[in-house]
Amino acid sequence: MKLNYLAFAIPLFLLFTALEYWVARRQQKEDYFHFDRSIVNISIGIAERLADLFTVGIFYYFYTYIHTHFAVFTIKPSVLLWLALFLCTDFVWYWYHRLAHEISLLWSVHVVHHQSEDFNYTVSARITVFQALVRVVFWSVLPWIGFPPEMITSILLIHGAYPFFIHTRTIGKLGILEYILVTPSHHRVHHASDEHYLDKNYGDVLIIWDKIFGTFVEEKEEPHYGLTKPLNSHSFLWQHFHFILELLYTVKHTQGWGNKIKIIFGGPDLVPEYVREKLEQRFLFNKSVNASGIRFKNYVIWQIGSVLLSLFLVTLFEHQISLSIQIGIAFLILLTLINCGAILEQRKWVFYLEYTRLITAILFAYIYFGSTTIVVFGWVFVVALICFFTWFEKQYLRLIYGSAVAA
């Protein structure tokens, strides 16, 4: 049986995150982790890992096509050429990362990584599929130079693992390594919202590029993390699309094609702050519940846990599961992630999303498994929900929000 061992990155991520949490508590720094922010960070990471199931093969084909048709040099693996590929990868990353902060169009997909006001291992998961697509365009220079796709894929796995360990506040400065590698101290600066730290330390593994190109700043005092204008929303969809909408709104209300293009390819500061407030009024709603306690937290933990288990199994047995089933499971997982964000926002309309998820699950069971028993019981439950919709809604909201739900 062919297994995808990359699935074990999921339990390793959880293990190291738990270890970091334990160390933070030992250091009496419980404020390093906040429940809502950690859940949102993990949710975004789940979506990106899920997307990898469908995009990794496409990316590999893209690299292969460029290498086959446009490679400038013929490169065969050797120790020196592996080192050269690593340096090239890190150099390309630096410029991708820097431009992602300096160009609004690229910032619209990278901004998700910087939204959290926490800084811990869960923040490393804040990568979207949109960001992955942009990275591929930058990294396409590697097969064009002549590096084989197999080498590129291998180095990207290693290169992608390192940044996980620099998203932490539990590790101080690392002596001589501070002069060579991107350390947690360097990366804390990069995630800071303090003005004197903004747009610095873009490196991924090596800090030398920042020192060469003048974007290095040493950490002097503990930074404040997140965006200069905090997002103040746990919505899964809003976190992904808010700046894209802000950019589109600004372009739409700007006169002249030259000015529109300048906004798209200029810096993110060209998008006025008031635009987000306008869009929040249009697309976001005030909370209708003000719950306290742990009811909804426990419910979210249960949902995230089930999603992580599902993602692990689907990834591990990727080659044994048909594409259609993978798509069905992926859709259910995405609905669950949106649902978790809505619960963290304490929205009353979350029940309608749960209802949609239930019907989707029943249809999925019928299409792919053909179990008459499951379908019959499922539809009986749906009919009962329709007949006693108001009662079920009230009981559901009380279950997750407690007595805070309005009568």
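Residues numbered from 1 in each chain as written. Predicted model: local features only at pLDDT ≥ 70, side-chain atom pairs only at ≥ 80, totals over all residues. Heavy atoms only, no water.

In the annotation of an unreviewed UniProt entry, the entry for the protein reads Sterol desaturase family protein, and the organism field reads Xanthocytophaga flava. In UniProt, the protein has this text filed under Subcellular location (unreviewed entry): "Endomembrane system". (UniProt positions renumbered as here; feature names shortened; annotations may be inferred.)

Once that is clear, we can look at the nonpolar core. Membership of the largest hydrophobic core comes to 54 residues, with the highest contact counts inside it found for Ile 46, Ile 304, Leu 337, Ile 343, Val 350, Tyr 396 and Ile 400. Mapped onto this core, the elements with two or more residues apiece are α1 (9-26), α2 (35-70), α10 (236-252), α13 (295-316), α14 (323-344), α15 (350-369), α16 (372-387) and α17 (389-401). Counting 21 residues, the second largest nonpolar core, distinct from the first, contains Phe 59, Ala 132, Trp 139 and Leu 156. (Core = buried A, V, L, I, M, F, W, Y, C linked by side-chain atoms within 4.5 Å. Buried < 20%, exposed > 50% of the residue type's maximum accessible area, 1.4 Å probe, protein only. Helix = DSSP H or I, 4+ residues; strand = E, 2+ residues; numbered from the N terminus.)

Take the packing of aromatic side chains next. A complete count under the given rule lists 27 aromatic pairs for this structure. A centroid spacing of 6.2 Å and a plane angle of 45 degrees characterise the contact between Phe 91 and Phe 213, whose relative ring orientation is tilted. Linking Phe 91 in helix α3 (residues 79-102) with Phe 213 in helix α9 (residues 208-213), this pair joins segments that are 122 residues apart in sequence. Taking 6.0 Å as the distance between ring centres and 80 degrees as the angle between the ring planes, the aromatic pair formed by Tyr 299 and Tyr 396 counts as edge-to-face. Within this pair, whereas Tyr 299 is found in helix α13, its partner Tyr 396 is found in helix α17, the two being separated by 97 residues in sequence. Residue classification places Tyr 396 among the buried residues on the basis of a relative accessible area of 11%. (Phe/Tyr/Trp six-rings, centres within 6.5 Å; stacked < 30°, edge-to-face > 60°.)

On to unusual backbone geometry. If you check the backbone angles, Gln 28 has positive phi at about 60 degrees while not being a glycine. Assignment of secondary structure puts Gln 28 in the loop between α1 and α2. Positive phi outside glycine occurs at Asn 201, with the angle close to 55 degrees. As for its position among the elements, Asn 201 is in the loop between α8 (184-190) and α9. Taking relative accessible area as the criterion, Asn 201 reaches 1% and is therefore assigned buried.

Before going further, it helps to spend a moment on the pattern of salt bridges. Taken as a whole and assessed by the stated rule, the structure comprises 12 salt bridges. Note that Arg 276 is salt-bridged to Glu 246, the shortest N-O span being 3.0 Å. Highlighted residues: Arg 276 in helix α12 (residues 274-283) and Glu 246 in helix α10, separated in sequence by 30 residues. Under the relative-accessibility criterion, Arg 276 is labelled buried at 7%. Of the charged contacts, one joins Arg 347 and Glu 345 as a salt bridge, the two residues approaching to 2.5 Å between their closest N and O atoms. Given a relative accessible area of 4%, Glu 345 falls into the buried group. Through salt bridges that share partners, Glu 48, Arg 49 and Asp 52 make up one connected network. (Salt bridge = Lys/Arg side-chain N within 4 Å of Asp/Glu carboxyl O.)

For the rest of this paragraph, the subject is α13. Spanning 22 residues, α13 covers 32 Å between terminal C-alpha atoms, matching the ideal 32 Å at 1.5 Å per step. All of the buried residues in α13 are Phe 296, Tyr 299, Val 300, Gln 303, Ile 304, Val 307, Leu 308, Leu 311, Phe 312, Val 314, Thr 315 and Leu 316. (Expected span 1.5 Å × (residues − 1).)

Right, let's get into the packing of α3 against helix α5 (residues 129-139). One can describe the packing of α3 onto α5 by two numbers: an axis separation of 10 Å at closest approach and a directional angle of 130 degrees. Here α5 runs oblique to α3, going by the angle between their axes. Once α3 is placed against α5, the crossing between them reads as right-handed. Along its contact with α3, which presents Thr 89, Val 92, Trp 93, Trp 95, Tyr 96 and Leu 99, the element α5 presents Gln 131, Val 134, Arg 135, Phe 138 and Trp 139. (Axes fitted to C-alpha atoms, helices over the stretch in contact; angles between N-to-C directions. Parallel < 35°, antiparallel > 145°, perpendicular 65-115°, else oblique. Left-handed = near helix turned anticlockwise from the far one by under 90°. Contact = heavy atoms within 4.5 Å.)

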